[in-house]
Amino acid sequence: MKSHRRRVSSENRVSRRLAASRSAGSSLRERVAPFRRTIGTTGGLVVATTVNSATGFVFWWIAARQFPEAAVGLAGAAVSAMLLLSQFSVLGLGTALAGMIHRERRAASLAVTALLAAGGAGFVIGGILAAVSPLISDELAPIGATPWAVGLFAIGVSLTAISGVLDQVLVA
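Cut-offs applied
Residues numbered from 1 in each chain as written. Predicted model: local features only at pLDDT ≥ 70, side-chain atom pairs only at ≥ 80, totals over all residues. Heavy atoms only, no water. Helix = DSSP H or I, 4+ residues; strand = E, 2+ residues; numbered from the N terminus. Buried < 20%, exposed > 50% of the residue type's maximum accessible area, 1.4 Å probe, protein only. Contact = heavy atoms within 4.5 Å. Areas by Shrake-Rupley, 256 points an atom, 1.4 Å probe, with all protein chains shown as cover. Core = buried A, V, L, I, M, F, W, Y, C linked by side-chain atoms within 4.5 Å. Polar contact = N/O pair within 3.5 Å; in protein donor to acceptor, adjacent residues only side chain to side chain. Phe/Tyr/Trp six-rings, centres within 6.5 Å; stacked < 30°, edge-to-face > 60°. Axes fitted to C-alpha atoms, helices over the stretch in contact; angles between N-to-C directions. Parallel < 35°, antiparallel > 145°, perpendicular 65-115°, else oblique. Nonpolar A, V, L, I, M, F, W, Y, C, P; charged D, E, K, R; others polar. Expected span 1.5 Å × (residues − 1).

**Digging into the overall build of the protein**
At step 1: For the protein, the helix and strand inventory stands at seven helices and zero strands.
At step 2: Sequence-ordered secondary structure for the protein, helices as α and strands as β, is α-α-α-α-α-α-α.
At step 3: Out of the 172 residues in the protein, the part that is buried amounts to 22%.
At step 4: Taking all contacts inside the protein whose residues are at least 6 apart in sequence as the whole, residues at least 24 apart take part in 63%.
At step 5: Accessible area for the protein stands at about 12200 Å²; split by element, carbon and sulfur atoms hold 66% of it.

Structure (C-alpha cells):
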C-alpha cells in the first residue's frame, strides 16, 4: 500500500510540475526547470557514449595500421566474443537491481552479491568458450592455446560482465 501511495504521490508531483511549466507566460527556462536533473543525466550519458565511441574508433584505427590483419581480426573477434558472453553472464541482474536497489536497506550488500555472481558466471562461461575455441575454429585457436590465454579471456569476460552490472546499478 505504501509503495502505491509513493507512486501516486510521485505521479502527482510530476503532473503538478508539468502543469506549472505549461502556464501562460512562462519562459523556456522555467518550463525546463522541473526536468533539469533528467536533462543533465541524459546529457552525461550522451557525452560518455560519444567519448567511448571516439576512443574506440581511434584505438582500432591505430591497431589496423600498426599490426597484421590477422592479429587485428583475432583481437576484434575476441573483444566481440567477450561482449557477447558478458551479456549472457549478467544474468539479468543489472536490470533487476536497477528496479529494486533504491528500496533495499542493504543495497550495497545486494549490489556486491550481484557483481560477484555476474563476475563468476562470466569467468566460467568465458573459460568454457576459450577452452573449446580451438575446436570451433582454427582462427580462434590462439584464444585457447595456453592456460594463460584461457584465463586471460575468462577474466576479460568476467570484468566486462561486472562492469555491465555496475553500470546499471550506478545509473539506478
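**Quick notes on the nonpolar core**
At step 1: Grouped together as the largest cluster of nonpolar side chains are ten residues: Val90, Leu97, Ile101, Ala111, Ala114, Leu115, Ala118, Ala161, Val165 and Val169.
At step 2: Residue assignment for this core shows that the elements contributing at least two residues are α6 (107–136) and α7 (147–171).
At step 3: Per-element accounting of this core gives the leading share, four residues, to α6.
At step 4: Residue contacts for Ala111: discarding those within four places in its chain leaves Leu97, Ile101 and Val169.
At step 5: Counting residues in hydrophobic clusters, the runner-up holds nine residues, among them Ala78, Leu85, Val150 and Phe153.

**Quick notes on the side chain of Ser89**
At step 1: Inspection of the secondary structure assignment puts Ser89 in helix α4 (residues 69–89).
At step 2: A polar contact of 2.7 Å, which involves the side chain of Ser89, links it to the backbone oxygen of Leu85.
At step 3: In this structure, Ser89 is in contact with Ala118, Ala121, Gly122, Ile125, Val157 and Ala161, ignoring residues within four places of it in sequence.

**Considerations on the packing of aromatic side chains**
How two aromatic rings sit relative to each other is given by the distance of their centres and the angle of their planes.
At step 1: The final tally for this structure, using the stated rule, is one aromatic pair.
At step 2: Ring centres 5.0 Å apart and planes at 80 degrees place the aromatic pair Phe59 and Trp60 in the edge-to-face group.
At step 3: We classify Trp60 as partly exposed; its relative accessible area is 29%.

**What to know about the environment of Gly92**
At step 1: Assignment of secondary structure puts Gly92 in the loop between α4 and α5 (93–100).
At step 2: For Gly92, a relative accessible area of 41% puts it in the partly exposed group.
At step 3: Spatially, the C-alpha atom of Gly92 lies 9.7 Å from that of Ala114, the residues being 22 residues apart in sequence.

**Thoughts on the packing of helix α3 (residues 36–66) against α4**
At step 1: For the pair α3 and α4, interaxial distance at closest approach is 10 Å and the crossing angle is 150 degrees. Between α3 and α4, the crossing angle belongs to the class labelled roughly antiparallel. Of the residues in α4, those touching α3 at Trp60, Ala63 and Ala64 are Val72, Ala75, Gly76 and Val79.
At step 2: Within the contact of α3 with α4, the residues separate by chemical class into six nonpolar, one polar and no charged.

**Description of α7**
At step 1: Taking 1.5 Å as the rise per residue, α7 with 25 residues should run 36 Å; its terminal C-alpha atoms sit 36 Å apart, in good agreement.
At step 2: Taken together, the buried positions of α7 are Val150, Phe153, Ala154, Gly156, Val157, Ser158, Ala161, Val165 and Val169.

**Details of unusual backbone geometry**
At step 1: Even without a glycine there, the phi angle at Leu91 is positive, about 60 degrees.
At step 2: You can see Leu91 is positioned in the loop between α4 and α5.
At step 3: You can call Leu91 exposed: its relative accessible area is 53%.

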